[in-house]
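Listed below are the residues making up each chain.
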Amino acid sequence: MGKKHKSISYAKWGYIFILPFFLVYFVCTLIPLFSTFLYSFFDYYTTQSFQTVGPNFVGFDNYIALFTPDSTGAIDLLNYTGNTLLMWVMGAVPQVLFALILALIFTGIRLRIKGQAFFKTVIYMPNLIMASAFSMLFFTLFSPVGPVNQIIEMFGGEAFRFFSDIWATRSIIAFINFLMWFGNTTILLMAGIMGIDQSLFEASSIDGATSAQTFFKITLPLLVPIIVYVLVTALIGGLQMYDVPQIMTNGKGGVDGTAKTLVMQLNNYIGGVTKNYGKAGALSAYIFIITGAMSILVFKITGNNSGKKSKKGGK
């Protein structure tokens, strides 16, 4: 009788290879996530004399404190939420539109642009520069004695204090975020367009469809999943906006805090000598809930319900 050969369990080795990822994810992500949520229900902070108070269970007191109006009747948390979303929209909407136009140009069969590798590299390069470096560059450009004001004065105008103006500060921050990320968005949209079956474009060309008809009837509907992915990831990054406004406003949030973001406020709780882990946990949970709610809203607005439609069609 011949020797029996043991079969190799590929499933077992697959689990072994992915085990390190889950261990690292559990230790470095899940445990801190649950700890942050747990701390939000406790009064837990350090004083200026480095004495630790707590943790003492206080229930929803930290959440109530976040939504408590100040002496003027304003709720700072809602103002910071509005600032964050507004600057994200100002940067993300032009970013996606501009990236979509570039993606269509570079993938267009009729245009056949030469040197695409060079242009793709140039477009993506801003994404490789650190946000702090970008912020310092623009802070210098738009400072009262910077090159922009020197050019204005050269043509007979008066120097403009950009960072003393609410909308100028917000616009500069939004433009930096746009400039940093439109290259990455362009590459993703180009990959999505190139993943569409080319025979569809050839058929539309044979049938005499115009470029606009091809875009709205073929390209855009099939590109929706990629656009949703881009919007959701941009939303997550936008709600975590910190480094650019922190540097541009010297950590003060601009005029009357109109450029202060949620994560800048979060850093105030844990970044100084006095650390309030309870309020920081409550604010982190709030950001998590807002991110989830906005992501669901993006799915609803874009109508990305292909799975549901296919199930209904199969009945």
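Residues numbered from 1 in each chain as written. Predicted model: local features only at pLDDT ≥ 70, side-chain atom pairs only at ≥ 80, totals over all residues. Heavy atoms only, no water.

### Considering the overall build of the protein
Moving on, step 1. When you go through the protein residue by residue, the secondary structure sums to 13 helices and 2 strands.
Moving on, step 2. Taking 315 residues into account, the globule formula puts the C-alpha radius of gyration at 20 Å, and the protein, at 25 Å, lies well above it.
Moving on, step 3. Taken over the C-alpha atoms alone, the protein extends approximately 85 × 75 × 45 Å along its principal axes.
Moving on, step 4. Taken across its 315 residues, the protein has 34% of its residues classed as buried.
Moving on, step 5. The long-range share in the protein, meaning contacts at least 24 apart out of those at least 6 apart in sequence, stands at 65%.
Moving on, step 6. About 19,700 Å² of surface is accessible on the protein, with carbon and sulfur atoms providing 68% of the total.
Moving on, step 7. Charge-centre separation for the protein: the mean point of 21 positive side chains lies 21 Å from the mean point of 12 negative side chains. (Helix = DSSP H or I, 4+ residues; strand = E, 2+ residues; numbered from the N terminus. Rg over C-alpha atoms; globule rule 2.2 N^0.38 Å. Buried < 20%, exposed > 50% of the residue type's maximum accessible area, 1.4 Å probe, protein only. Contact = heavy atoms within 4.5 Å. Areas by Shrake-Rupley, 256 points an atom, 1.4 Å probe, with all protein chains shown as cover. Lys, Arg positive; Asp, Glu negative; His and termini not counted. Charge placed at Lys NZ, Arg CZ, Asp CG, Glu CD.)

### What to know about the pairing of strand β1 (residues 42-46)
Moving on, step 1. Here β1 shows a buried face lined by Phe42, Tyr44 and Thr46 and an unburied face lined by Asp43 and Tyr45.
Moving on, step 2. Here 4 bridges tie β1 to strand β2 (residues 52-57), and the two strands are oriented antiparallel to one another. Within β2, the residue paired with Asp43 across the bridge is Asn56.
Moving on, step 3. Following β1, the chain reverses through 5 residues before pairing antiparallel with β2; Phe50 in that reversal takes a positive phi of roughly 65 degrees. (Pairing = 2+ DSSP bridges.)

### Some remarks on the nonpolar core
Moving on, step 1. Membership of the largest hydrophobic core comes to 60 residues, with the highest contact counts inside it found for Phe138, Ile172, Ile176, Leu189, Met248 and Leu283.
Moving on, step 2. Elements supplying a minimum of two residues to this core: α2 (61-66), α3 (76-107), α5 (131-141), α7 (166-194), α9 (211-239), α10 (243-248), α11 (262-270) and α12 (277-302).
Moving on, step 3. Among all residues touching Phe138, those that are not within four sequence positions of it are Phe163, Ile172, Phe175, Ile176, Leu179 and Met248. (Core = buried A, V, L, I, M, F, W, Y, C linked by side-chain atoms within 4.5 Å.)

### Some thoughts on α7
Moving on, step 1. The end-to-end C-alpha distance of α7, which contains 29 residues, comes to 41 Å, matching closely the 42 Å that a straight helix rising 1.5 Å per residue would cover.
Moving on, step 2. The largest bend along α7 reaches roughly 40 degrees and is located at Trp181. (Expected span 1.5 Å × (residues − 1). Bend = angle between axes of the 7 residues up to and from the residue.)

### Here's the deal with the confidence of the model for the protein
Moving on, step 1. When the pLDDT values of the protein are averaged, the result is 85; 92% of them are 70 or greater.
Moving on, step 2. Below a pLDDT of 50 lies the segment residues 306-315, which in the model reaches 1 contact outside its immediate sequence neighbourhood of four places, other chains included. (pLDDT = per-residue confidence, 0-100.)

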